[in-house]
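Residue strings, one per chain:
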Amino acid sequence: LELEHFEENIDTDIAHIKEELTEDYVEDFRKEKTKSSKIIKILNIVFVVLIILMIMITVDIVSVAKYDKGPYFAFKTKTYKDGGTKVYYGLGYKVIKYNQVQGRRDKAIGFWTMPYNTEPLNTSALDLAIEFTETPSKSFTRYYKKFIRISSSLTSIDNSKKTLSIGYTDEGGKYTLNIVCTMADKKIPSSLETGKAITIIGTVKNFELKTKTKPNTLYINDCFAEQ
């Protein structure tokens, strides 16, 4: 009888132990599941935030670099007393919207270390004509959205479109380059005369390769000119 009673107690104790172990396991499992669920939620939130930030950065980079718009997600930190040039900072990038009274008027985007720079790249219509004839794609990549100063001669004035045409023409036509300058503020100085030497400053906007009826044509925006 004592042995049977002892065996019954052992069975009861084992059952209790199993029950307690099962309850502990279930409780630990629930805690781990809850913890894992919280971690997954946090990671999902972080992932979504990163995606949103990447979209914002991409929108600003593409808008400024390709379409000359924006920025939309950067904060203005400074305005220069040069006519109203503004500086914006975004997440890892910087935008400068140049607005000099008579000078640079384009937008530039780069890293936070990008300097304020209003000194144009100096060149001549002849040098550009040679470069764009020999390596047109490479040359356009080099000059695209660059602020430049070009020495040339004034070939024509279009008051209706507010543009000047300068450039270089050779006898055979191989190196001929027409440069169309859209004037800043849509203003053409009344003192300009065709056939005379001229210097223009502006930002390279576009390039069209020559055809049978048209020479290589380079387009400059936000121009200022003086003779």
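Not measured: the values here are computed from a predicted model.

Moving on, we get to the pairing of strand β3 (residues 94-97). Relative to β3, strand β2 (residues 86-89) runs antiparallel, the two being bridged by 4 bridges. Along β3, the bridge assignment pairs V87 with I96. Two successive antiparallel strands, β2 and β3, enclose a turn made up of 4 residues, where G92 displays a positive phi of approximately 90°. Examined bridge by bridge, β3 and strand β4 (residues 107-110) share 4 bridges and lie antiparallel to one another. Bridge pairing in β4 links I96 to A108.

In terms of nonpolar packing, the biggest core is built from 24 residues, with I150, L164, I179, I200, L218 and I220 touching the most fellow members. For this core, the secondary-structure elements that each account for two or more residues are α2 (125-134), β6 (147-158), β7 (163-168), β8 (177-183), β9 (197-208) and β10 (216-226). Not counting residues up to four positions away in its chain, the partners in contact with L164 are L154, S156, I157, I179, V180, C181, M183, I188, L192, I198 and A225. Membership of the second largest hydrophobic core comes to 6 residues, among which are I57, V64, Y93 and V95.

What follows concerns the pattern of salt bridges. A complete count under the given rule lists 6 salt bridges for this structure. Ionic pairing is found between D106 and R104, a salt bridge with its closest N-O pair at 2.5 Å. Each of the two residues, D106 as well as R104, counts as buried. Between E208 and K214 there is a salt bridge; the shortest N-O distance is 2.7 Å. A relative accessible area of 31% places E208 in the partly exposed class. A residue is classified by how much of its surface remains accessible, and K214, at 35% relative accessible area, is partly exposed.

Parameters and conventions
Throughout, a residue's number is its position along its own chain's written sequence, starting from 1. Totals for whole chains, interfaces and linings use every residue, but because this is a predicted model, local features are given only for residues with pLDDT of at least 70 and side-chain atom pairs only at 80 or more, for both listing and counting. Hydrogen atoms and water are omitted, and side-chain values are computed over all heavy atoms in the structure. Following DSSP output, two strands are said to pair if at least two bridges run between them. A run of DSSP states H or I qualifies as a helix once it reaches four residues; a run of E qualifies as a strand once it reaches two. Both are numbered from the N-terminal end. The set of buried Ala, Val, Leu, Ile, Met, Phe, Trp, Tyr and Cys residues whose side-chain atoms join them within 4.5 Å is what this entry labels a nonpolar core. Exposure categories follow from relative accessible area, calculated using a 1.4 Å probe and restricted to protein chains: below 20% of the type maximum is buried, above 50% is exposed, and the middle band is partly exposed. Contacts are assigned to residue pairs that have any heavy atoms within 4.5 Å of one another. Any carboxyl oxygen of Asp or Glu within 4 Å of a side-chain nitrogen of Lys or Arg constitutes a salt bridge here.

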